[in-house]
Amino acid sequence: MVRTLDSVSRVGVVGAGTMGSGIAQVAATAGYDVVLRDVEQGYVDDGFDSIDDSLGRLVDRGALGESDADAARERIEGTTDLADLADCDLVVEAVVEDMDVKRDVFDELEERVDGDVLLGTNTSTLSITRIANATRSPERVVGLHFMNPVPVMDGVEVVVGEKTTDDAVDLAHAFAEDLGKETWEADDKPGFVTNRILMPWLNEGIRAFDEGVATKADIDRGMKLGTNVPMGPLELADHIGLDVVLHASETLHEELGDRYKPAYLLRRKVDAGDLGKKSGEGFYVYDDG
């Protein structure tokens, strides 16, 4: 049995990249003390730089008071030692989207934290059940799939593994909602809800551009105006990262067959190093402005 929300005050986040730093930020902003861990100090420092930048933007927009931003930042401590998560009441893993790496993290986490601590994974495509089976207590492992960018996006997908208990699922929902998020629930099937539907949409948008159906601008404009989404498929792929889209598509292609086969142009862009906004060029070109 896992702890209840009222006994959670200290949260561990494993992985200080884009997702991990975002999760740490929203947890600290909600009043939790946070331990942010990565394998090298440089990664931890980069995570804090991202948090500082994000908090600064929220202050500039008037979405967060400066004193609240300072208080949130003070609640986060960084470390490279997984043992420093020993006194955490809930842990969220947000490392690279690789099954072996995640299983290794959970195997080690189980030795570090108490047996009633919820272990959440931020995976977007990988099996919760396989990750959980790296532990001796798979019943406390649950998917906590935050959307990117975490401080801005309102949703969290709660994913139920084969042995995940109702108590663990309830705490996952309650924790995410306490961070100001809305939740939905998915079974442990490839891609869950979001990526199972999103990846074919992105790839078909890329194929439509590659096959000359319309210009990239008109594909994105048509989808925004025609379906009331905030970004078209090419814009969104650039925002997510074309390498991330390719990896997720490859995972789903392996699990679910040819309807998830990555678009040829997507693979070519990644091979060329054009990864979207983070590299400065994807389907569009990005500058400092």
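Looking up the protein in an unreviewed UniProt entry gives the name 3-hydroxyacyl-CoA dehydrogenase NAD-binding domain-containing protein, with the organism given as Natronoarchaeum mannanilyticum.

**Student:** So, the pattern of salt bridges: which residues are in play, and what are the values?
**Tutor:** Side chains bearing opposite charge may pair, as long as their charged atoms lie close to each other. This model, assessed by the stated rule, comprises 16 salt bridges. Of the charged contacts, one joins Asp-116 and Arg-3 as a salt bridge, the two residues approaching to 2.9 Å between their closest N and O atoms. Remark: Arg-3 occurs in the segment before β1 (10-14) and Asp-116 occurs in the loop between α4 (99-112) and β5 (118-121); sequence separation between them is 113 residues. Classification of Arg-3 as buried rests on a relative accessible area of 16%. With its nearest N and O atoms 3.6 Å apart, the salt bridge here joins Lys-102 to Glu-97. Accessibility classification places Lys-102 together with Glu-97 in one group, the buried group. Three or more residues are tied together by salt bridges with common partners; here these are Arg-3, Asp-89, Asp-114 and Asp-116.

**Student:** Please provide a residue-by-residue account of the UniProt feature "domain: 3-hydroxyacyl-CoA dehydrogenase NAD binding" (unreviewed entry) in the protein, values included.
**Tutor:** What UniProt calls "domain: 3-hydroxyacyl-CoA dehydrogenase NAD binding" (unreviewed entry) maps, in this numbering, to residues 11-184. Secondary structure over residues 11-184 splits into 42% helix and 21% strand, and the C-alpha atoms at its two ends are 21 Å apart.

**Student:** I'd like a rundown of the sheet that holds strand β8 (residues 182-187), residues and numbers included.
**Tutor:** The sheet built from 8 strands is open, its strands ordered β3-β2-β1-β4-β5-β6-β7-β8 with mixed pairing. What marks the edges here is a single partner per strand, and that holds for β3 (76-79) and β8. With strand direction ignored, the average angle separating the axes of adjacent strands in the sheet is 25°. Contacts from α4 reach β1, β4 (90-93), β5 and β6 (141-146) within the one sheet, and its direction differs from that of β5 by about 170°.

**Student:** Please set out the packing of aromatic side chains residue by residue, giving values where relevant.
**Tutor:** Any pair of aromatic rings gets described here by the distance separating the centres and the angle formed by the planes. Under the defined criterion, the tally for this structure stands at 2 aromatic pairs. Positioned over the ring face of Tyr-284 is Lys-216, at 5.2 Å from the centre of the ring.

**Student:** Let's hear about the nonpolar core: which residues, and what values?
**Tutor:** Ranked by internal contacts, the top residues of the largest apolar core, which has 41 residues, are Leu-90, Leu-118, Leu-144, Phe-146 and Phe-175. Dropping the residues within four chain positions of it, Phe-175 is found in contact with Leu-5, Val-11, Tyr-32, Leu-90, Val-92 and Leu-144. Formed by 21 residues, the second largest nonpolar core is a distinct cluster that contains Val-91, Leu-119, Val-141 and Ala-186.

**Student:** Would you mind going over the environment of Asp-220 in detail, with residue names and values included?
**Tutor:** Position of Asp-220 among the secondary structure elements: in helix α8 (residues 216-227). A residue is classified by how much of its surface remains accessible, and Asp-220, at 1% relative accessible area, is buried. Distance from Asp-220 to Pro-230, taken between C-alpha atoms, is 9.6 Å for residues 10 residues apart in sequence. Those residues in contact with Asp-220 that sit more than four places away from it in its chain are Gly-232, Pro-233, Leu-234, Glu-235 and Tyr-284. A polar atom in the side chain of Asp-220 sits 2.5 Å from the side chain of Tyr-284.

**Student:** Residue-level account of the UniProt feature "site: Important for catalytic activity" (unreviewed entry) in the protein, with values.
**Tutor:** Under the local residue numbering, the UniProt record ascribes the feature "site: Important for catalytic activity" (unreviewed entry) to His-145. Structurally, His-145 is set in strand β6. Since its relative accessible area comes to 6%, His-145 is described here as buried. Setting aside anything within four residues of it in sequence, one finds His-145 in contact with Thr-121, Asn-122, Thr-123, Ser-124, Gly-155, Val-156, Glu-157, Phe-192, Thr-194 and Asn-195. Within polar-contact distance, the side chain of His-145 engages the side chain of Glu-157 at 2.8 Å.

**Student:** How would you sum up the packing of helix α7 (residues 194-210) against helix α11 (residues 264-271)? Please name residues and give values.
**Tutor:** Where α7 contacts α11, the axes come no closer than 8 Å and their chain directions differ by 90°. On the basis of the axis angle, α7 is roughly perpendicular to α11. Contact with α7, carried on its side by Asn-203, Ile-206, Phe-209 and Asp-210, involves Tyr-264, Leu-265 and Leu-266 of α11 and no other residues of that element. Grouping the amino acids of the contact of α7 with α11 by side-chain chemistry returns 5 nonpolar, 1 polar and 1 charged.

**Student:** Talk me through helix α10 (residues 242-256); I want residue IDs and the actual numbers.
**Tutor:** In a regular helix each residue adds 1.5 Å, so 15 residues correspond to 21 Å; α10 covers 20 Å between its end C-alpha atoms and thus fits that length. In this fold, the buried residues of α10 make contact with α7, α9 (233-240) and α11. Backbone geometry just downstream of α10 places Gly-257 in the positive-phi region, at approximately 100°.

**Student:** Describe α4, and please don't skip the residues or the numbers.
**Tutor:** Here α4 spans 20 Å end to end across 14 residues, near enough to the 20 Å set by a 1.5 Å rise per residue. When we look at burial in α4, the residues that qualify are Met-99, Lys-102, Val-105, Phe-106, Leu-109 and Glu-110. Viewed end-on, α4 has its buried residues packed into an arc of 135°, placing them on one side of the element. In α4, the exposed positions that point more than 90 degrees away from the buried face belong to Asp-100, Asp-104 and Glu-111. Packing partners of the buried residues in α4 comprise β1, β4, β5, α5 (128-132) and β6. Its side-chain oxygen placed 3.1 Å from the backbone nitrogen of Asp-100, Asp-98 serves as the N-cap of α4.

Here is what the cut-offs are and how they apply
Residues numbered from 1 in each chain as written. Predicted model: local features only at pLDDT ≥ 70, side-chain atom pairs only at ≥ 80, totals over all residues. Heavy atoms only, no water. Salt bridge = Lys/Arg side-chain N within 4 Å of Asp/Glu carboxyl O. Helix = DSSP H or I, 4+ residues; strand = E, 2+ residues; numbered from the N terminus. Buried < 20%, exposed > 50% of the residue type's maximum accessible area, 1.4 Å probe, protein only. UniProt positions renumbered as here; feature names shortened; annotations may be inferred. Pairing = 2+ DSSP bridges. Axes fitted to C-alpha atoms, helices over the stretch in contact; angles between N-to-C directions. Contact = heavy atoms within 4.5 Å. Phe/Tyr/Trp six-rings, centres within 6.5 Å; stacked < 30°, edge-to-face > 60°. Lys NZ or Arg CZ within 6 Å of the ring centre and 35° of its normal. Core = buried A, V, L, I, M, F, W, Y, C linked by side-chain atoms within 4.5 Å. Polar contact = N/O pair within 3.5 Å; in protein donor to acceptor, adjacent residues only side chain to side chain. Parallel < 35°, antiparallel > 145°, perpendicular 65-115°, else oblique. Nonpolar A, V, L, I, M, F, W, Y, C, P; charged D, E, K, R; others polar. Expected span 1.5 Å × (residues − 1). Arc of directions from axis to C-beta.

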